[in-house]
Amino acid sequence: MKKNIILFILLSTILLIGCSDKELKVPLEDVGMVSTMAFDYIDEDTMKMTVAIPQFSPEAKENTQTFSVSTDMVSKGIVEIEMHSDKKIVLNQLRVVLFNEEFAQHGEMEKIVRHFYRESSVGNKVLIAIVNDTGEQILKADYPDKPNINMYINDLLQPSINTAFNPNTNIHDFIYTQTSTVHDSIVPLLEKKDGTIKMEGIAIFKGHEMLQSLTADEALIIQALQGRKNLAPLSLELDGGKEKLMLDLITNKVNMKSNENMESPKLVINIKFEGTLVEYSGEKEDSLHKLEEITKLEEEINERTSKQIEEFLDKLKELEVDPVGLAEEFRRYYHGDWDKKKTNDIISKLEVDVQVETSIISTGNLK
Amino acid sequence: MSQKNLKVLNVYQVIFLVQNIMIGTGILSLPQRLSILGYSQILMPIYFGIIATITLWPMVWLCSQYKGDNLFRINEILLGKWIGKSINVLLVLQFTLFVAGIVSNYMNLIQSNALPEQTMTLPIILLLVLLTYIVNGGIKTIARFCTLSFFITIPMLYFLKWGIEKGEFSHIFPLFNFDMKEFGKALQEGYLSILGYELILFYFPYIVNQKKAFKHTLIGIWITIGICFITTLVSVMYYSEWQLRNIQFSVLHLFKAGELSFVERIDIMGITLWVFLILTTVAGYLWSAKKGLDSLRSKKNNYHVYYIVVAVFGIVMLPASREFQEKLFEASFYIEYIVVAWPIVLCLIHLVRKKQVQS
């Protein structure tokens, strides 16, 4: 009896399958997977949204499809783009989001990034960058020697050892620094120059708004202070430009100690670099095989870099921003609620003492 | 039934049964539930472990006084037939609601993260069918399934690696940055996440080595506490306080930080593996509810499981507003606290009525 019932149910299921609704899911070839997006500022309420979608059809002449619309909401813009496109637009493969400088300066970025952070189809590793032109122009321009813009920008923003200054900010990092009470955000800054895109430096934020741009050297200091192990090579000029050298950094150790005092905050920063001297030009060129000369050079480097770092920290103090998170050294000893105001307060009063210890462990094969 | 046939759970099965029933959907939102404490939430799981250890003691003591009986029987013995049975009715209702709450919670998670364009009816039916199958196998099958789930899901801890790499350890300081009111609120919200060990009141008669049951249960509890501790630690390191407060399933976001060359979205893997943890938790409660129905009707009947499963389906699919449903489930979670404290009351009654009951 029981077997008959099971058999009956199975049979009726098989026979009734033909009556089921047609599958609603869109087949893969009808899906347009957005790979790069750009947002340009128009006015307070509207923005220009540009999407780049890789084309996989071998017959297509262009391998990237781009659409631009003016909109006030991201999803509304996507729906509008769908009206132009023959495909269903999805964000599952989104890799890079670009914003133009004006957009960032008006403090609109956080709203858009937060939208992506909320959206479950978008991963957290989507990279963001600021362009000093318009995002639309960057996405629509021709790069004759590059297969397509999507891969180009994505690869450019991935960290490589020589551009390790690149803070490589993704959606999570940005939301983290925007909502953290001890950090200010930094985002890479791109510039289009004769058929290529160049990593120009980084943009620094105060609250939701972009404040100004910093150079690659300054970005390197931020990363060194944050304790990142793999740093870009350090190029230095000593003795007023008479000596020039390039140091490949192998390891970097940072130790910070605060005096835990909110009224007159003081911070001692100890940095230990270990590196290889790759290139040197200057008066010590022929005597670098002597250990005493190397030690002398190390001392000069220490003096120069600690001065450079102190100058940079003074600049941050003036701007009252804290991209490194120096205020964390005070927050960790503070009982009670910590807010952004306290961070600004600390940074504006902060006195720092930077001590750099460099050790050159190799100068190459020649004696 | 003879006592010999009843005892089926060996040491490992007790440990994993306790451990796996405790980890359900709770841990997914634990950092968010504790977020009123901000970064200072880090030690909370340890306090939970201590409370669990203290409340476990009366449970095991009570059970060891009535070695062959579960809580439903003990209620009847100690409180008399009528009062005992009425409390048992409430217990069965509570467990049914609790199961519905967990299933609904998990389905919401699947809906919002993995299948945003689909209705959930079919997945709910499939989950319940699988659940019925497991529960029909009895407590030993559930225990075996728990052991299996533990080894399938524990590698997920590896996914936290990237969170640790990117996180800042100094976030955990200062350690005690809260007042008692905030602490109380976090305790009330967060303790839900480690509920599940109280089910020992129902499967105690099935344990082979009852004398060491306390020790084995404790091992299970502290494995869970360890996992909760690691989760909160990594969350505290990786997130800002705003993120801790606002991200709904922060543990899945931790998985999103992962970078494997062959998988893009590790969090989706996490959600799907989580079904094992949901099944073990829900199976434990469903089995207990079934035992309750057995004792209420004073006979064993295989259909009792089906009655409860249909009721669970009905509650999950209830055409009421989402707000009402949420409140209902939230209430059922809080009532579970009473179940945890109930053995203490029973212990007192036992001490008072000892002679009467024994005679």
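These numbers were taken from a predicted model, which means no experiment stands behind them. (Residues numbered from 1 in each chain as written. Chains lettered and ligands numbered in written order. Predicted model: local features only at pLDDT ≥ 70, side-chain atom pairs only at ≥ 80, totals over all residues. Heavy atoms only, no water.)

1. Some words on the interface of chain A and chain B
On the side of chain B, 26 residues touch chain A, which itself brings 26 residues to the contact. Per-residue buried area on chain A facing chain B is highest for Ser120, Lys125 and Tyr176 of chain A; these three make up 25% of the total on that side. Taken together, the links from chain A to chain B amount to 1 salt bridge. The residue aspartate 173 of chain A makes a salt bridge to lysine 166 of chain B at a minimum N-O spacing of 2.7 Å. At the level of elements, α4 (109-118), α7 (171-179) and α10 (328-331) of chain A are the ones that each hand at least two residues to the side of chain A that touches chain B. When residues in the side of chain A that touches chain B are grouped by element, the largest group, 5 residues, is from α7 of chain A. Across the side of chain A that touches chain B, the residue classes break down as 5 nonpolar, 11 polar and 10 charged. (Contact = heavy atoms within 4.5 Å. Buried area = accessible area lost by both parts, 1.4 Å probe. Salt bridge = Lys/Arg side-chain N within 4 Å of Asp/Glu carboxyl O. Helix = DSSP H or I, 4+ residues; strand = E, 2+ residues; numbered from the N terminus. Nonpolar A, V, L, I, M, F, W, Y, C, P; charged D, E, K, R; others polar.)

2. Quick word on the sheet that holds strand β9 (residues 196-206) of chain A
Residues and elements named next belong to chain A. Read from one edge to the other, the open sheet built from 8 strands follows the order β4-β3-β2-β6-β7-β8-β9-β10, with strand pairing classed as mixed. The open sheet is flanked by β4 (64-71) and β10 (209-214), the only strands paired with a single partner. Each adjacent strand pair in this sheet contributes to an overall mean axis angle of 30°, direction not counted. Inspection of the sheet shows strand β8 (residues 186-193) paired to β9 by 8 bridges, in the antiparallel sense. (Pairing = 2+ DSSP bridges. Axes fitted to C-alpha atoms, helices over the stretch in contact; angles between N-to-C directions.)

3. Some points on the pairing of strand β6 (residues 96-100) of chain A
Residue and element names in this part refer to chain A. Counting buried residues along β6, 5 of its 5 residues qualify, which places the element largely inside the surrounding structure. Side chains Val96, Leu98 and Asn100 project from β6 onto one buried face, and the interleaved Val97 and Phe99 project onto a second face that is buried too. Relative to β6, strand β2 (residues 36-41) runs parallel, the two being bridged by 4 bridges. Bridge pairing in β6 places methionine 37 opposite valine 97. (Buried < 20%, exposed > 50% of the residue type's maximum accessible area, 1.4 Å probe, protein only.)

4. Looking at the packing of aromatic side chains
With the rule as written, the count across this model stands at 29 aromatic pairs over all chains. Geometrically, the ring pair formed by tyrosine 334 of chain A and tryptophan 338 of chain A is edge-to-face, given 5.4 Å between the ring centres and 80° between the ring planes. Given a relative accessible area of 8%, tryptophan 338 of chain A falls into the buried group. Taken together through their ring pairs, the aromatic side chains of Phe72, Phe95, Phe98, Phe202, Tyr285 and Phe333 of chain B make up a single cluster. One Lys or Arg, lysine 146 of chain A, reaches over the ring of tyrosine 152 of chain A and ends 4.9 Å from the middle of that ring. (Phe/Tyr/Trp six-rings, centres within 6.5 Å; stacked < 30°, edge-to-face > 60°. Lys NZ or Arg CZ within 6 Å of the ring centre and 35° of its normal.)

5. What about unusual backbone geometry?
Note that the residue after phenylalanine 173 of chain B, namely proline 174 of chain B, is joined by a cis bond; omega there is -10°. Following the sequence through the fold, proline 174 of chain B ends up in the loop between α9 (161-166) and α10 (180-190). Positive phi, normally seen in glycine, also occurs at glutamate 260 of chain A, with a value near 60°. Position of glutamate 260 of chain A among the secondary structure elements: in the loop between β12 (243-258) and β13 (266-281). A relative accessible area of 45% places glutamate 260 of chain A in the partly exposed class. One non-glycine residue, glutamate 320 of chain A, lies in the positive phi region at around 55°. Note on placement: glutamate 320 of chain A falls in the loop between α9 (291-319) and α10.

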